[in-house]
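Residue-level listing of the chains:
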Amino acid sequence: MSAVTRTIALPVRPTRAETALLALSRTITRLAEERMRRRAWAIEAEPARRAGRAASHAMSADAARYLSPR
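Residues numbered from 1 in each chain as written. Predicted model: local features only at pLDDT ≥ 70, side-chain atom pairs only at ≥ 80, totals over all residues. Heavy atoms only, no water.

1. Notes on the overall build of the chain
Part 1 of the reasoning: Scanning the chain from terminus to terminus reveals 2 helices and 0 strands.
Part 2 of the reasoning: For the chain, whose C-alpha radius of gyration is 28 Å, the value lies well above the compact-globule estimate of 11 Å for 70 residues.
Part 3 of the reasoning: In terms of overall dimensions, the chain has a C-alpha envelope of 90 × 35 × 15 Å along the principal axes.
Part 4 of the reasoning: Accessible surface, the chain: about 7200 Å² in total, of which carbon and sulfur atoms supply 62%. (Helix = DSSP H or I, 4+ residues; strand = E, 2+ residues; numbered from the N terminus. Rg over C-alpha atoms; globule rule 2.2 N^0.38 Å. Areas by Shrake-Rupley, 256 points an atom, 1.4 Å probe, with all protein chains shown as cover.)

2. As for helix H1 (residues 16–61)
Counting along an α-helix, one turn takes 3.6 residues, and residues three or four places apart therefore face a common direction.
Part 1 of the reasoning: When the terminal C-alpha atoms of H1 are compared, their 64 Å separation across 46 residues agrees well with the 68 Å that a helix rising 1.5 Å per residue should span.
Part 2 of the reasoning: Considering bend angle alone, the principal kink of H1 is centred on Glu-46 and spans about 40 degrees; proline Pro-47 follows within four residues of it. (Expected span 1.5 Å × (residues − 1). Bend = angle between axes of the 7 residues up to and from the residue.)

Structural data, given as structure tokens:
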């Protein structure tokens, strides 16, 4: 058995509570999108960051060789 629902749209302005809920919803959506963008950027940047750290560690390990007097 299916439920039949009808929504009647009346040309009225939203109440203050509805307006507040819409604003809150938009804010939460924007914050979630920004968080997803930051996470995506961090995931994409991770290989380059790891490669840079590995190169830095390798150079630090060889520092004695470069800094010793000849």
